Amino acid sequence: MSTAMRYPSFSLLRSLLSPLRTAAFVMGVVMLGGCSPEADVEALEERIQALEDQNVVLEERLAEARDSLNRLQQSAPSSMTQLGDPVRFPSGSAWIPDQGRRTLDSLATILQDQYDSRDFRIKGFTDSMPIGPSLRNTYPSNWYLSAQRAAAVAHYLDDEHGVRSRTLEVGAFGPQNPVATNETVEGRRMNRRVEIQVTDD
């Protein structure tokens, strides 16, 4: 027997080894990846199930949020409209000035003629200046001062014009919600006010 028949050629050995190398490479990838195609499918199915479960929870929370919003909208107070011009007050005082009384006289007529069956709200405000030492015994804070201003307007409308409501609200807002800057004298004058609001239809 010739040498060529007893020993395979180099090219034949290389052709036989190529499939083995390919198989070894594939096995190595699978072993390094730590999973098989079946494991990949199972992992994806578990992930899909987890996402579906999360979606159910989110839909339930969305429904609860919508219900809460509907309840809040149904229980929200009626919208209010400001009636006329605000009543302005001197600095550090809850006494209604003459101009303010004339404004209230006009507003009382409007309330009685046009809004007799409406509820209304009286809101007191101050500027941002702190209460001075000489006034602290009378008005301990701007909150107290704003409440006194609103109460003074409510008393004037009731006592002078018989304007009242079973659901009248008197609110103290202190320096909150300024309508002008507190950095100027005119701005502070605009902020020392009482507003009268009536419910919309």
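The structure under discussion appears in the preceding block.
Residues numbered from 1 in each chain as written. Predicted model: local features only at pLDDT ≥ 70, side-chain atom pairs only at ≥ 80, totals over all residues. Heavy atoms only, no water.

Peer 1: Whenever I open this one, the layout of surface pockets confuses me. Can you help?
Peer 2: Sizing a probe to match a water molecule and rolling it over the atoms shows the empty space that remains. Computed from the structure, the largest pocket encloses a volume of approximately 200 Å³. Every residue along the wall of the largest pocket is listed here: Ala94, Trp95, Ile96, Arg101, Tyr139, Gln148, Ala152, His155, Tyr156 and Asp159. Per element, the largest residue contribution to the lining of the largest pocket is 5 residues, and it comes from helix α5 (residues 142-161). Among the residues making up the lining of the largest pocket, the classes are represented as 6 nonpolar, 2 polar and 2 charged. (1 Å grid on protein atoms, 1.4 Å probe; cavity = no way out; pocket = protein on both sides within 12 Å on 5 of 7 lines; lining within 4 Å. Points joined across faces, edges and corners; volume = space filled by probe spheres on them. Helix = DSSP H or I, 4+ residues; strand = E, 2+ residues; numbered from the N terminus. Nonpolar A, V, L, I, M, F, W, Y, C, P; charged D, E, K, R; others polar.)

Peer 1: Would you take a moment to explain the pairing of strand β3 (residues 120-124) for this structure?
Peer 2: Most of β3 is tucked away: 5 of the 5 residues are buried. Side chains Phe120, Ile122 and Gly124 of β3 all project onto a buried face; the interleaved residues Arg121 and Lys123 project onto the opposite face, where all are buried too. As defined by bridge partners, β3 adjoins strand β5 (residues 193-199) across 5 bridges and the pair is classed as antiparallel. Residue pairing across strands places Arg121 opposite Gln197, the latter belonging to β5. (Buried < 20%, exposed > 50% of the residue type's maximum accessible area, 1.4 Å probe, protein only. Pairing = 2+ DSSP bridges.)

Peer 1: Looking at this model, I keep getting lost on the environment of Ala150. Mind explaining?
Peer 2: Within the element layout of this structure, Ala150 appears in helix α5. Considering only alpha carbons, one finds Ala150 and Ala172, 22 residues apart in sequence, at a separation of 7.0 Å. In this view, Ala150 contacts Ile122, Lys123, Gly124, Val170, Gly171 and Val194; residues no more than four positions away in its chain are not counted. (Contact = heavy atoms within 4.5 Å.)

Peer 1: Would you mind going over the nonpolar core with me for this structure?
Peer 2: General note: in soluble globular proteins, nonpolar side chains tend to be found buried as a group. In this structure, Ile96, Leu104, Phe120, Ile122, Val153, Leu157 and Ile196 are the most contacted members of the largest nonpolar core, which totals 19 residues. Here this core gets 5 residues from one element, more than from any other, and that element is α5. Those residues in contact with Leu157, other than ones at most four positions away along the chain, are Leu104, Ala108, Leu111, Phe120, Ile122, Gly162, Val163 and Ile196. (Core = buried A, V, L, I, M, F, W, Y, C linked by side-chain atoms within 4.5 Å.)

Peer 1: Even after reading the chapter, I still don't get the side chain of Arg121, so can you show me in this structure?
Peer 2: The residue Arg121 is located in strand β3 in this model. Engagement of the side chain of Arg121 in a polar contact is seen with the side chain of Glu169, the distance being 3.0 Å. Residues contacting Arg121, with those up to four places away along its chain left out, are Met80, Leu168, Glu169, Glu195, Ile196 and Gln197. (Polar contact = N/O pair within 3.5 Å; in protein donor to acceptor, adjacent residues only side chain to side chain.)

Peer 1: I would appreciate a short explanation of the packing of aromatic side chains in the present structure.
Peer 2: How two aromatic rings sit relative to each other is given by the distance of their centres and the angle of their planes. Within the structure shown, the criterion is met by 1 aromatic pair. On the numbers, 5.2 Å between centres and 20 degrees between planes, the contact of Phe125 with Phe173 is stacked. Here Phe125 is found in the loop between β3 and α5, whereas its partner Phe173 is found in the loop between β4 (169-172) and α6 (185-191), with 48 residues between them in sequence. Looking at Phe173, the relative accessible area reads 23%, which means it is partly exposed. In this structure, Lys123 is placed above the aromatic ring of Phe173, and the distance from its NZ or CZ to the ring centre is 4.8 Å. The lysine or arginine in question, Arg193, covers the ring of Phe125, its NZ or CZ lying 3.7 Å from the ring centre. (Phe/Tyr/Trp six-rings, centres within 6.5 Å; stacked < 30°, edge-to-face > 60°. Lys NZ or Arg CZ within 6 Å of the ring centre and 35° of its normal.)

Peer 1: I would appreciate a short explanation of unusual backbone geometry in the present structure.
Peer 2: Peptide bonds are, in most cases, trans, and in most cases residues other than glycine have a negative phi. One non-glycine residue, Asn177, lies in the positive phi region at around 55 degrees. On the secondary structure map, Asn177 appears in the loop between β4 and α6. Accessibility expressed as a relative area gives 46% for Asn177, which makes it partly exposed.

Peer 1: Sorry if this is basic, but what is going on with the pattern of salt bridges here?
Peer 2: Counted by the stated rule, this structure contains 4 salt bridges. Here Arg121 ties to Glu169 by a salt bridge, and the two come within 3.0 Å at their closest N and O atoms. Of this pair, Arg121 sits in strand β3 while Glu169 sits in strand β4, placing them 48 residues apart in sequence. Salt-bridge contacts for Arg189 lead to Glu186; the nearest nitrogen and oxygen are separated by 2.9 Å. Of this pair, Arg189 and Glu186 both sit in helix α6, 3 residues apart, which is roughly one turn of the helix. (Salt bridge = Lys/Arg side-chain N within 4 Å of Asp/Glu carboxyl O.)

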